[in-house]
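Geometric and topological summary
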Amino acid sequence: MTEPRRFKYLRPEDIRRLAGMRFAPEAMVEGLLAGRHRSPMAGSSIEFRDYRQYVPGDDRALVDWRVYARTDRYYLRTYEQETNLECHVFLDSSASMGFGAPQSKLEYASYFVATLCYLVIRNTDRVSLVLFDEGMRAFHAAGSTSTHLGNLMQALEENRPGSRTRLADALQRAYPLLKRRGSLVIVSDFMDDPAAIFGALSPFLHRGFRIHLFHILDPLELELPDRGLATFVDMESGQRVATHTDRIRSAYRDAMQGHVAGLRELAARRNVGYRLATTDAHYFSLFDPLVR
Amino acid sequence: MNLLFSNAVLWPLVALVALPVLVHLLARARPAAYRFSSVELILRILRQTARIKKPQDWILLVLRTLFAAAVVLVFLQPVYFPSRRLASPLERKNVVVVIDATASMGCLEGSQTRFAAACAEGADILSGLTARDTANIVWLKAEPESVFPDMGVNLGFLRDALRQARVTQEAGDVAMALRLAVQMLSPAEGRKELYLVSDFQKTAWSRVDEAVPPSVEVMRVPVGREEAPNGALTDILLEPRVPLAGEEFAIHCRVQNFGPQPTRRSVFCSVGESRQSQDVLIPAWGETTASFRHRASTPGPVTIRAVLNEDRFTGDDTRWAVASVRGTLHAVAAPTADPTGKLWLRAVEALGCFTVTQPGSNEWRTAEADAVLLPGLPEIPGSVQGALREGQVVLWWPGPDFTGGVTRVGGFGVEGAHWETAGGRSGVRALKVTAAEDEVFRLFRDGDHGNPAGGSFQARLVFPPDAVRGGEVLMAYDDGVPALVRFRGQGLVYLWNLPLGTGQSDFAGRMEFIPLLAEILMTGRAADSGRAAGEETVPGRRPVWVLDRDAMESDIAWHGPDDAALPFLLERGVQGNRAVARDPVALGLYQWQYGGRTVRYAAANFPVVESDLRTLPPEDVRTGVNAVSLSDGARVRAMREGVPLWPYLLMAALALVMVEGVTLLWVERT
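Description of the structure in this document. Bear in mind the structure is a predicted one, so any value in this text is a computation, not a measurement.

Scanning chain A from N- to C-terminus turns up eight helices and ten strands. Counting only residues that meet the buried cut, chain A has 48% of its 292 residues in that class. Looking at chain A alone, contacts between residues at least 24 apart form 75% of all its contacts between residues at least 6 apart. Accessible surface computed for chain A: about 13900 Å², of which carbon and sulfur atoms make up 48%.

Okay, structure coming up:
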């Protein structure tokens, strides 16, 4: 694979760091191309899978004569069929993702998504990209070429924070567009109803998608800054609320930790991967569950 | 409610009370705005805390507003007048303070007497007066008197009078004191206020029903709040009332308990030089008698002093009496030629303990006689009937001409009788005693003095026993005709049907005759108990001696308990002369002397009505519908001058600051 062109969210130093990594999510996926991922479909390949009893009509070349010599019975060897992965990335592009300085959550997430897309394509796997806020703003179907990668990078660079967060709507709209199951990576600040989110994820889980949630927060969202009497303006709804931050900091911290814990618990119950990251930590730590 | 503001010019400061509200409303800061990813969590938190926050904010707002109001009011210096009944310091007032100086006010409560407390209340009341006001003090005692003859302006003199005043041992004339006070207030111009400062003793004030004009404001200021138990000597009685020299007589000291608990007391009785004591147990609210016996060897006055061991109210723990011991008893006998009467006189004179006088036809002064002998009179004279008294004995022999009769006074007698002599149908008659247990026959029970029913009778009055009205037959003839009948009423009247003349009976010659006669005459003494002779008075009175002779002032002297000579007045009038003590007496024994010799005593004893120290609730005192009860004289001043509220407001402001601080801590914690 040739080196990608220089893009804002795909830095050469990050590419060099990715040299030793291989995109390898744990779930079994379906693939058309012969990639490096296991396919649940049995076929001829170099990797042994299992024995089964011979029935009339089977290819005799597959009979394992050593087993026959031991048991006087006819057994066939079956082999794994390698396919290529599809990774579907959902990037939250709502207004709330614009929070944070000097680097907003959207920029942070964009770096991660760009690097992830590169990694997937380098692995000869396919990656799709969905940009969403209160609905699906952009959908880039899965591809694995360098041209496709370039298109995704450009889309990321042109992406700007939008309106309210409606992840559930975006998932529902994207569901019929995702023909093949694979990995579903959702990068968001999850400023939405967790029950609605996981309700929208249920069809994906049922189809066998391997889902990873990457919860991106600014440190100031975990611990309110001490600003005394301040008016907070909601970036999505424009709602204003004035309060003494020192009077609610403790309660806010507890509430936010509760929200995170709630998401984590729901994810654990559904066997969904969950990872929290703050924008003050390098996004490379987000790759831990995805690479080898 | 009446409120005045001394610094009313500072009223605009009231606007400052709105300051906390304005700050609360307007000082909502416009804080800096920060864009935040989502305020949903913040809103949720604020909704949860609002339930606590809002009431806290309101509490703080209220506390701060109240604090501002208290501070502003401190500067305005409000003065509260509890009542508009009293004139303000600016109005002209006429004030009479009636101060109870009766004996009960001498009761000690705490460290001071009720009277001292009353004088202090009076001083408090006067302290609220100004130079334009007039005032006076009326002392409530036996003869109420005022400090000034009329309303006066010299308040300093009145205060001095209060400081120097002393409680009396007198009972008070409440009605007169009220009338005196009203009389002084009537012509006054301006507001009229009458203050009654008293313990409102129940025995004295429950009878008061004196109407006070509606133009006079009556204030009752009670002193004496304790139901002080008290024991008192309330009377001294002698039995017999007039003892004889050599005769033992009883001294009964009556002790009363004015308290809710039984009490044991010691009674000491001093008679002349002798002294006796006795312990008595007196039931709650009851009385008992301590009895002593004494025998005076010579005739003359014998002073008796009874003392109760001390309690907190000592005025009524001593009592005086004088026993007039006589050498002989006194008998008055009607002049008579009747042989029975003559024999009576000889027998009475032979007794040696009687002095017999025979008055003229119209000089029946029998009131002081111990015995009245009426021989041969068909009826008891009306003057004798009217003068009968307890302890007096009348011995009446109706005589042969008696045909019966019932007295006007007492309604006793015999209905129908006739004279009978021996030789007639009855013959010689013997006697029998029909009431052997009677006291008349006590001497004869041992048999040493013969048989009183001995003797034989040839003549007698005959009447059946049922003809006797109101009497008891002590002796009778063998045929049942009454021989000796006693009528009990005021005194004892004995109907003597035992003729003694020659040919009538041999009774006069018998040894039993004189003892029987003596016993009859002496029976009256057993019932003759009562207060000793001499005048008994109470403190505050001025004893009077009605002279039975024309005397020079220099012949008369009036002496007090310490034997000091006291002033008196000699009044000569159409109805006779009398010596009157010039000054009211205090407790003790006084004596009138004539020619250097004591002729009459006056015992000034504590008025019993003052011994019951229970008080009446002031509201129950009937002094007109316009009266109000106050707790004390300080309240009078408060009503007149008002109560400055600024100290209380300052304390309230400080308290509010402290409460606000505590509330802020609570707000911080929540």
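The biggest cluster of nonpolar side chains holds 61 residues, and the ones touching the most others in it are B:W344, B:L395, B:L431, B:Y494, B:W496, B:L517 and B:L521. What B:L521 contacts, discounting residues up to four positions off in sequence, is B:V348, B:F354, B:A371, B:L373, B:V393 and B:L395. Of all hydrophobic cores here, the second largest spans 43 residues; its members include A:F90, A:I197, A:F204 and B:F36.

Attention shifts here to the packing of helix α3 (residues 105–122) of chain A against helix α4 (residues 146–158) of chain A. A pair of packed helices can be characterised by two numbers: the angle between their axes and the separation between those axes. All names here are of chain A. At their nearest, the axes of α3 and α4 sit 10 Å apart, and the two run at 175° to each other. It follows from the interaxial angle that α3 and α4 lie roughly antiparallel. Note on element contacts: α4 touches α3 through H148, L149, L152, M153 and L156, opposite S110, V113, A114, C117, Y118 and I121. Along the lines of polarity and charge, the residues of the contact of α3 with α4 split into nine nonpolar, two polar and no charged.

Right, let's get into the sheet that holds strand β18 (residues 329–333) of chain B. All names here are of chain B. The sheet built from nine strands is open, its strands ordered β19-β18-β20-β21-β31-β30-β29-β25-β26 with mixed pairing. If you trace the sheet from one side to the other, it starts and ends with β19 (354–357) and β26 (456–457), each paired once. Packed on one face of the sheet, helix α7 (residues 339–351) meets β18, β19, β20 (371–375), β21 (393–397) and β31 (491–496) and runs near 155° to β20.

Before going further, it helps to spend a moment on the side chain of A:H259. The residue A:H259 is located in helix α8 (residues 245–269) in this model. Within the structure, A:H259 has its side chain in polar contact with the backbone oxygen of A:F190 (distance 3.1 Å).

Another aspect to go through is the interface of chain B and chain A. Chain B puts 17 residues into the contact, and the matching count from chain A is 27 residues. Across the chain B/chain A interface, buried area totals approximately 2100 Å², and carbon plus sulfur atoms make up 73% of it. At the junction of chain B and chain A, the tally comes to zero salt bridges. Our enumeration of links across chain B and chain A arrives at seven residue pairs in polar contact (both at pLDDT 80 or more). Sorting the residues of the side of chain B that touches chain A by element identifies β2 (32–36) and α2 (40–76) of chain B as the ones contributing at least two each.

Another aspect to go through is unusual backbone geometry. All names here are of chain A. Going from A101 to P102, the amide bond is cis rather than trans, its omega being 0°. Position of P102 among the secondary structure elements: in the loop between β3 (86–92) and α3. You will see that F190, though not glycine, has its phi angle at about 50°, which is positive. One can find F190 in the loop between β6 (183–188) and α6 (194–207). With relative accessibility at 1%, the residue F190 sits in the buried group.

Cut-offs applied
Residues numbered from 1 in each chain as written. Chains lettered and ligands numbered in written order. Predicted model: local features only at pLDDT ≥ 70, side-chain atom pairs only at ≥ 80, totals over all residues. Heavy atoms only, no water. Helix = DSSP H or I, 4+ residues; strand = E, 2+ residues; numbered from the N terminus. Buried < 20%, exposed > 50% of the residue type's maximum accessible area, 1.4 Å probe, protein only. Contact = heavy atoms within 4.5 Å. Areas by Shrake-Rupley, 256 points an atom, 1.4 Å probe, with all protein chains shown as cover. Core = buried A, V, L, I, M, F, W, Y, C linked by side-chain atoms within 4.5 Å. Axes fitted to C-alpha atoms, helices over the stretch in contact; angles between N-to-C directions. Parallel < 35°, antiparallel > 145°, perpendicular 65-115°, else oblique. Nonpolar A, V, L, I, M, F, W, Y, C, P; charged D, E, K, R; others polar. Pairing = 2+ DSSP bridges. Polar contact = N/O pair within 3.5 Å; in protein donor to acceptor, adjacent residues only side chain to side chain. Buried area = accessible area lost by both parts, 1.4 Å probe. Salt bridge = Lys/Arg side-chain N within 4 Å of Asp/Glu carboxyl O.

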